[in-house]
Amino acid sequence: MKVLLVFAHPEPRSLNGALRDVAIEELRVQGHEVRVSDLYADGWKSEIDRADFPFLTPEARFKPAAASGEAFAADALTPDVKAEHEKLLWADALILQFPLWWFAMPAILKGWVDRVYSYGFAYGVGEHSDRRWGDRYGEGTLAGKRAMLLVTAGGWEEHYAARGVNGSIDDLLFPINHGILYYPGYDVLPPFVAYRVDRLDAAGFEAVAERLRERMRTLGTIPSIPYRRQNGGDYLIPSMQLRPGLGDPHAAGFALHLNETTAAKADGEDEIVAVPVEA
Ligand code: FAD
């Protein structure tokens, strides 16, 4: 497989830097080709602004989505964005790696998404009709490829469990997994999360590294999160509401968009057990 790892940590000697090296080494041992977008090292520009669209006249009102679509259609995107498109189209699998900062991705990575996910490339794709609502949520430019998050967190695993005070990790990562990865088509793999990392010693590091190596060995085979297909009949068009009668009656919020309920295994937070609910 061809794998693109987008790395968002400012310090190469960090824990994240060490885990990145572990992941890359194991992927290469498995015979995969790996490329890295190292956002801080590359000086990635994270703000989407007028400078991205030099064809706009000074008097033109800047509308980001419209400018993005125009630039994409005219092959007039900036070279840094085009280079990321080329890598995304090249890769069979995408890994976004970052430390959890304020329950979200670092701003530089969000800015990568804002600028690289152009209109016509990642959104605004496909027809809208009474049967389809564009090519998105499992369909779209990046369909057929796999993607996953590689995340480190200072908080304890229990604090991110279903009843934990931080909110469940599946809920916190849903906007990224479903809104950013599934939206343009990726099959989204369960995230790899390392918890309570701030005082990790050498033995703790080796345990995380070994779990990560195992995940890299199964990158091509591990089942993806069973999100519902938007155009598969589960949602009413145009309201895009889940069809009455579908879904676990006890599920609410994000969990409604799974066609199976998932439960974290007590002994491995990145492993899921699928429990069919609609049989
Ligand atoms: P580092 O600080 O580089 O290392 C962590 C530990 O790993 C160190 O003790 C280091 O010695 C050790 N280590 C062991 N082996 C190695 C090795 N081989 N190489 C390098 N280091 C090693 N946490 C949350 O849970 N939720 C939040 O919302 C949250 N918000 C945050 C917001 C900010 C702005 C910041 C700065 C932190 C936040 N944190 C939060 C904590 C954050 O998630 C962790 O600090 C981060 O994940 C640690 O990753 P790192 O790569 O920066 O680790």
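In what follows, the structure referred to is the one given above.
Residues numbered from 1 in each chain as written. Predicted model: local features only at pLDDT ≥ 70, side-chain atom pairs only at ≥ 80, totals over all residues. Heavy atoms only, no water.

Focus on the side chain of His-178
The condition that has to hold: Runs of E in the DSSP output that reach at least two residues are strands. Runs of H or I that reach at least four are helices, and both are numbered from the N terminus. For every residue, the accessible area (1.4 Å probe, protein chains only) is compared with the maximum for its type, and the residue is labelled buried under 20%, exposed over 50%, or partly exposed between those bounds. Contacts: residue pairs with any heavy atoms within 4.5 Å of one another.
Structurally, His-178 can be placed in helix H5 (residues 169–182). A residue is classified by how much of its surface remains accessible, and His-178, at 8% relative accessible area, is buried. Not counting chain neighbours up to four residues away, the residues in contact with His-178 comprise Tyr-137, Tyr-183, Tyr-227 and His-257.

Brief notes about unusual backbone geometry
Glycine aside, the phi torsion of most residues is negative, and most peptide linkages are trans. Here the bond from Ile-237 into Pro-238 is cis, since omega is 15°, no more than 30 degrees from zero. Tracing the chain through its elements places Pro-238 in the loop between helix H6 (202–217) and strand E7 (260–265). Phi angles above zero are rare outside glycine, and Trp-102 is one such case at about 50°. Phi is positive for Phe-103, which is not a glycine, with a value near 60°. Looking at where Phe-103 falls in the secondary structure, it is placed in the loop between strand E3 (93–99) and helix H4 (107–116).

Some remarks on H5
Test applied: Multiplying 1.5 Å by the residue count of a helix minus one yields the expected span of that helix.
If you check H5, its first and last C-alpha atoms are just 17 Å apart, much less than what 14 residues at 1.5 Å a residue would give, namely 20 Å. Turning to H5, its buried residues are Ile-169, Leu-173, Phe-174, Ile-176, Asn-177, His-178, Ile-180, Leu-181 and Tyr-182. On its buried side, H5 packs onto E3, H4, strand E4 (146–152), strand E5 (187–188) and strand E6 (192–194).

Comments concerning the pairing of strand E1 (residues 2–7)
Spelled out, the test is: At least two bridges found by DSSP between two strands is the condition for calling them paired. By convention, a crossover is right-handed whenever its connection, traced from the first strand over the helix to the second and viewed with the strands pointing away, goes clockwise.
In terms of burial, E1 is a largely internal element, five of the six residues being buried. Judged from the six bridges that link them, E1 and strand E2 (residues 33–38) form a sheet pairing that is parallel. Directly across from Lys-2, in E2, lies its bridge partner Glu-33. Note on the crossover from E1 through helix H1 (residues 15–29) to E2: the handedness is right-handed.

Looking at the site of the ligand
This is how the line gets drawn: Residues are counted as near a molecule or strand when any one of their heavy atoms sits within 4 Å of it. Two N or O atoms form a polar contact when they lie within 3.5 Å of each other; inside protein one atom must be a possible hydrogen donor and the other a possible acceptor, and for residues adjacent in sequence the pair counts only when both atoms belong to side chains. Three classes are used, and their members are as follows: Ala, Val, Leu, Ile, Met, Phe, Trp, Tyr, Cys and Pro are nonpolar, Asp, Glu, Lys and Arg are charged, and the others, Gly among them, are polar.
Surrounding the ligand, one finds 21 residues, the nearest of these being His-9, Asn-16, Thr-152, Tyr-160 and Asp-198. His-9 is positioned such that a nitrogen or oxygen atom in its side chain is 2.7 Å from an oxygen atom of the ligand. Between the ligand and Asn-16 there is a distance of 2.8 Å, counted from an oxygen atom to a side-chain nitrogen or oxygen. Counted by class, the shell around the ligand contains 12 nonpolar, six polar and three charged residues.

Interpretation note: all reported values are geometric properties and have no functional meaning in isolation.
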